[in-house]
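Spelled out, the chains give:
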Amino acid sequence: MKRRSLITSAAGAITLGATTSTQAGAQPLGHPPTTPLSTFNVISDIQGDLGDLTVALRDIAATAPNGAGIAVAGDITPRGYDFEYAAVRQVLERGPRPREIAWAIGNHEFYVPKYADPQTLALATWPNGATEDSLFRSFYRFAGRSAVYAETTFGGIPVLTIGTERYMHYHDPKLWDEVWLSEAQLSWLDERLRYWAGRRKPVMVVAHHPLPDTVSGTRNKLYMSDYLQADALLDLLGRHRDVFLFSGHTHWNLALSDWYVRRVVPGSANLDGFSVVNTGAVQTGFTDNGQGGENTVPGVFNQGLQVEVHRDRVVVKARDFAAGRWLKQVSVPLATRI
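What counts as what
- Residues numbered from 1 in each chain as written.
- Predicted model: local features only at pLDDT ≥ 70, side-chain atom pairs only at ≥ 80, totals over all residues.
- Heavy atoms only, no water.
- Salt bridge = Lys/Arg side-chain N within 4 Å of Asp/Glu carboxyl O.
- Helix = DSSP H or I, 4+ residues; strand = E, 2+ residues; numbered from the N terminus.
- Buried < 20%, exposed > 50% of the residue type's maximum accessible area, 1.4 Å probe, protein only.
- Pairing = 2+ DSSP bridges.
- Right-handed = clockwise from strand over helix to strand, strands pointing away.

### Observations regarding the pattern of salt bridges
- Taken as a whole and assessed by the stated rule, the structure comprises 15 salt bridges.
- The partner of arginine 319 in a salt bridge is aspartate 59, with the nearest N and O atoms 2.8 Å apart. Taken together, the residues span a long stretch of sequence, with arginine 319 in strand S17 (residues 313-320) and aspartate 59 in helix H1 (residues 50-63) at a distance of 260 residues.
- Owing to a relative accessible area of 11%, aspartate 59 belongs among the buried residues under this scheme.
- In this structure, the salt-bridge partner of arginine 192 is glutamate 191, at a minimum N-O distance of 3.1 Å.
- Overall, the relative accessible area of 14% leaves arginine 192 in the buried class.
- Classification of glutamate 191 as partly exposed rests on a relative accessible area of 37%.
- One salt-bridge network, held together by shared partners, links Asp190, Arg194, Asp235 and Arg239.

### Some details on the pairing of strand S11 (residues 243-247)
- With 5 of 5 residues buried, S11 lies mostly within the body of the structure.
- What you see with S11 is no split at all: Val243, Leu245 and Ser247 on one side and Phe244 and Phe246 on the other are buried throughout.
- As paired strands, strand S10 (residues 203-207) and S11 are joined by 5 bridges and run parallel to one another. By the bridge assignment, alanine 207 is partnered in S11 with serine 247.
- After leaving S10, the chain enters helix H5 (residues 230-237) and then returns to the sheet as S11, a path that is right-handed.
- Examined bridge by bridge, S11 and strand S13 (residues 274-278) share 4 bridges and lie parallel to one another. The partner of serine 247 across the bridge, within S13, is asparagine 278.

### Overview of the pairing of strand S16 (residues 303-309)
- Among the 7 residues of S16, 7 are classified as buried, and the element is accordingly described as predominantly covered.
- Alternating positions in S16 separate into two faces, Gln303, Leu305, Val307 and Val309 on one and Gly304, Gln306 and Glu308 on the other, with burial throughout.
- Note that S16 and S17 share 7 bridges and pair antiparallel. Bridging across to S17, valine 307 finds its partner in valine 316.
- What sits between the antiparallel neighbours S16 and S17 is a turn of 3 residues.

### So, unusual backbone geometry
- For the peptide bond that leads from glycine 95 to proline 96, omega is 0°, which places it in the cis range.
- Secondary-structure assignment places proline 96 in the loop between helix H2 (82-94) and strand S5 (101-104).
- A cis amide bond links tryptophan 126 with the next residue in sequence, proline 127, at an omega value of 10°.
- Assignment of secondary structure puts proline 127 in the loop between strand S7 (120-121) and helix H3 (132-143).
- The phi torsion at glutamine 47 lies on the positive side, around 50°, for a residue other than glycine.
- Of note, glutamine 47 is situated in the loop between strand S3 (38-43) and H1.
- Despite not being glycine, aspartate 75 shows a phi value in the positive range, around 55°.
- Here aspartate 75 shows up in the loop between strand S4 (70-73) and H2.
- Residue aspartate 75 is classed as buried on the basis of its relative accessible area, which comes to 0%.

Here it is as structure tokens:
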């Protein structure tokens, strides 16, 4: 089985927009030092690497001691077993625990049906007695909510988590990890984006899977077709200049030049596009092998983001948690001052 599933692709355009990119730690030109209104972090793809999760949490506590929270962009567990969720919870309880956590669901949260028991991979007998509903219930119990999509705030900044509401192999034997979004979820997202735009707030959207033709890896055939409703989701996000989409899943290195892009959606009337940011990964990094596949990034890999929201801009910094160093940053002007 390939590392990622494929379906159809969606067209679009990329622009770097009106951004200022600098080495992290250096203040962008034209912006005197200010205290952010909100600082928070984004990580993804823990996948059972609890040692690296501990390192990341300690580094985050040191670099953002007053941080408002952490968003986790999916693949919280390696397979979705309840004991795997419990192990993540134990790491958090040992601390340092973030003030607030926004959980997004990932494809690895649906891998229990691939196993006859936790030690025995059994694809031939999928789903091995596991029901689709039980997989969602495990996530809901862990995340403390009753829906895949949810809203919270980090220091007054809205954070929306979205994700698949079906594990597609239960519904179509030709599909596996593709993302299915209900009309209810899309309508909710549309309403919340409009609501916060009316209040002149930037909106942080957190999803596990990347949209096609956006950040690193999404022009690789492995990741061009993750969404069954890619066009509908792009249409909603593309209307709003001050939307920031954080996506994981690829594990692609934040050292790559297209870790951040602005995605313009044709016909949206928003010629500046919206921001899309790769979240890196806590567990194992990948990069393009030049042949439509991937190579593993050698050495210890443990990356994520720090986000600072100011009245007139959002600064996103890429961080190597293992090395304890900043990789790069981008300063994105806001269309409306907060």
